[in-house]
Every structure is written in structure tokens, then in C-alpha cells.
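Each chain, written out:
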Amino acid sequence: MKERAALSLPGWPMLIVDIALFVAAGWAIVVGIIGDEVSVPLILAGTGLAIVAGVVASGFTVVEPNVGRVAIFLGRYAGTIRRTGFTWTVPLTLKPAYSLRLRNFESETLKVNDAIGNPIEVAAVVVWRVVDTARAAFDVDDYEKFVKIQSETAIRHMASQYPYDIYEEGQISLRANADEVMKVLVDELQGHLTEIGVDVGTVQLRRLAYAPEIAADMLRRQQAEAVVAARRRIVEGAVGMVEQALEQLGERHIVTLDEERKAAMVSNLLVVLCSEHSAQPVVNAGTLYQ
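## Description of the nonpolar core
Phase 1 of the analysis: Judged by nonpolar contacts, the single largest core of 38 residues is most densely connected at Trp128, Tyr143, Met158 and Val203.
Phase 2 of the analysis: Elements supplying a minimum of two residues to this core: strand S3 (67-73), strand S9 (110-113), strand S10 (119-130), helix H3 (133-138), helix H4 (143-161), helix H5 (178-193) and strand S11 (198-210).
Phase 3 of the analysis: If sequence neighbours within four positions are ignored, Trp128 has contacts with Arg101, Leu102, Arg103, Asn104, Phe105, Tyr143, Glu144, Val147, Val198, Asp199, Val200 and Gly201.
Phase 4 of the analysis: Met14, Ala53, Val56 and Phe60 belong to the second-largest nonpolar core, a separate cluster that totals 6 residues.

See below:
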């Protein structure tokens, strides 16, 4: 079932017509009763006009901006009213309102095992809106509950497909590739919610962390990786500086070094450049070989 427009007319002209019907019905009944003779046909005509006026009055409704009213006539879908303001539609219809505004859904913090089995805690905020009132009204019992359950299911599935952090070169992770992961989550969630007339706007992670039982160990692991990466960078820079120093000494002919003296110089420079503490100079009063 897809949404279609229901019959809707401006309410104020129809209100004037309805008042005229009530006035005509009242006049016919009064004249039929208080005349020289009671006029049954006139009374019946007035009664009929009153019934018609009452039926017409049942078609009035008020539609707020970004709200759609689903018209249900004797159990059948008669269309959706999106004309805002005071409106008249098919009489004798139920007209429940469905909001078309953007909504936020904040999932609970879910505990999930990531792609390599580490327990993590994840929660997200889903922005969504109803775009097809007919599907939202008739294809599911409670569309808001459906959105909530499907969102949490999709978040669990997404979290289980990727590792929390990068462990291999070129790997996509939840922490480092949030934009790519959220796009996959939006596409998956939209696939579940299209059938009930709901459009998913954006999904943003509200919480992403290791579960408490492994958080401390994983923090130490991350710190160790950071230290290793920093030391690697320091060593790469130090080797470049040593190479540049040896090249400049040779080009300027400041000193001629044999292989043993180069090795000693390289060792001393690396100690100075890579040490975590300030190196203490040692004055050699003799020669390198003493």
C-alpha cells in the first residue's frame, strides 16, 4: 500500500455551506410544525437536510504543518490529507494524525562483540521521519516501536562486522573509519525501514568504547602501540640526521673517518638522538683507540 492524496477542500467555504444546510433544515422543520397545518413532507425534508448537514460536518478537520492525516472510510484507506489548516475531506472518516517531522531516536548502550570477538559498548542516534503515511499506518502495528527495534538490530549487526581498532594494514575499523561505517549502517537500516514508509536521515555514534572488563588492558595495548610508533618515528629521524651528518663531513672534508670511527660516531649520535634522557658528554683526553 502506498500513500495517495485524499479529497480535501478549503474548510471555510464548506463551513458556510454546512451552516446554510443547518439553517435550511431548521427553517423547514419550524415551518412544517407551526404552519396552519402540520406539513409532514416539509418536516421530513428538514430532517433530511439536518442529517446531510451533520454528515458534512463530520468531514471537517485541522491539519498542522508537517502532519498528515490518514482518512479511513468504513475500514478502507481513503487517502492522506496534507493540506494544512482548516480542511474538509470525505465525511464519516477517521482521521488519525501522523507526524512528518524529523525525529531523533537514541539507542540504548548495547554490548556487542566486534569482528574479532572483543566486547564493546556502542550506542547511536538515528534521525528519521515518516515519508509514506499509508505504509506507516497499515503495514506495521506500531511504526515507532518498529523503528526502535530495527535500529538497535542494525547497530548490533554493524558493530559485529568491524573490529574496534585497526589491527591490519588497510583494515576498516569502528574507531578510525566512523564515516564509512555509518554509511553502511544507514544503507542497511534504510533497507529495513523503507517498507514502512520511513526515511533514515543520518546515524551518528553516541558511544563507542571497549567493555569495562577489557578496557584497561586495551588502553595499555593502545599506549604500547603509540610508544612503538613514536620510537619508530624517532629512529627514522635519527638515522636520517646521522646520514646527513656523515655526508656533510665528507663533502666539506672536515675530517676523514675510517669505518671504525664512522661506526663509533653513528653509535654516539644515535644514543644522543634516540635517548629518552639527555645524554651526558664524556671528554676523551686520549684517542679513539685508547
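## Remarks on the packing of helix H1 (residues 11-34) against helix H2 (residues 40-57)
Phase 1 of the analysis: Where H1 contacts H2, the two axes come as close as 8 Å, and the packing angle between them is 160°. It follows that H1 is roughly antiparallel to H2 by the angle criterion. For H1 against H2, the interelement crossing comes out left-handed. Every residue of H2 that contacts H1 at Met14, Asp18, Leu21, Phe22, Ala24, Ala25, Ala28, Ile29, Val31, Gly32 and Ile33 is listed here: Leu42, Ile43, Gly46, Thr47, Leu49, Ala50, Val52, Ala53, Gly54, Val56 and Ala57.
Phase 2 of the analysis: Of the residues that constitute the contact of H1 with H2, the class distribution is 17 nonpolar, 4 polar and 1 charged.

## Focus: the sheet that holds strand S1 (residues 8-10)
Phase 1 of the analysis: Strand order across the open sheet formed by 3 strands is S1-S5-S2, with antiparallel pairing between neighbours. Each of the sheet's edge strands pairs with one partner strand only, and the pair in question is S1 and strand S2 (60-63). Neighbouring strand axes in the sheet, compared pairwise and without regard to direction, differ in orientation by 45° on average.
Phase 2 of the analysis: Sheet analysis places S2 next to strand S5 (residues 85-89), joined by 4 bridges and oriented antiparallel. Bridging from a neighbouring strand, Phe60 pairs with Trp88 of S5.

## Concerning unusual backbone geometry
Phase 1 of the analysis: One non-glycine residue, Asn66, lies in the positive phi region at around 60°.
Phase 2 of the analysis: For Asn66, the position within the fold is in the loop between S2 and S3.
Phase 3 of the analysis: Overall, Asn66 belongs to the partly exposed group, its relative accessible area being 43%.
Phase 4 of the analysis: For Leu74, which is not glycine, the phi torsion reads 50° and is therefore positive.
Phase 5 of the analysis: Structurally, Leu74 can be placed in the loop between S3 and strand S4 (76-81).

## Describing H4
Phase 1 of the analysis: Its 19 residues place the ends of H4 27 Å apart at the C-alpha level, agreeing with the 27 Å of an ideal helix rising 1.5 Å per residue.
Phase 2 of the analysis: Within the span of H4, buried status applies to Tyr143, Val147, Gln150, Ser151, Glu152, Ala154, Ile155, Met158 and Ala159.
Phase 3 of the analysis: The opening residue of H4, the one whose side-chain oxygen lies 3.2 Å from the backbone nitrogen of Glu144, is Asp142.

The rules behind these values
- Residues numbered from 1 in each chain as written.
- Predicted model: local features only at pLDDT ≥ 70, side-chain atom pairs only at ≥ 80, totals over all residues.
- Heavy atoms only, no water.
- Core = buried A, V, L, I, M, F, W, Y, C linked by side-chain atoms within 4.5 Å.
- Buried < 20%, exposed > 50% of the residue type's maximum accessible area, 1.4 Å probe, protein only.
- Helix = DSSP H or I, 4+ residues; strand = E, 2+ residues; numbered from the N terminus.
- Contact = heavy atoms within 4.5 Å.
- Axes fitted to C-alpha atoms, helices over the stretch in contact; angles between N-to-C directions.
- Parallel < 35°, antiparallel > 145°, perpendicular 65-115°, else oblique.
- Left-handed = near helix turned anticlockwise from the far one by under 90°.
- Nonpolar A, V, L, I, M, F, W, Y, C, P; charged D, E, K, R; others polar.
- Pairing = 2+ DSSP bridges.
- Expected span 1.5 Å × (residues − 1).
- Polar contact = N/O pair within 3.5 Å; in protein donor to acceptor, adjacent residues only side chain to side chain.

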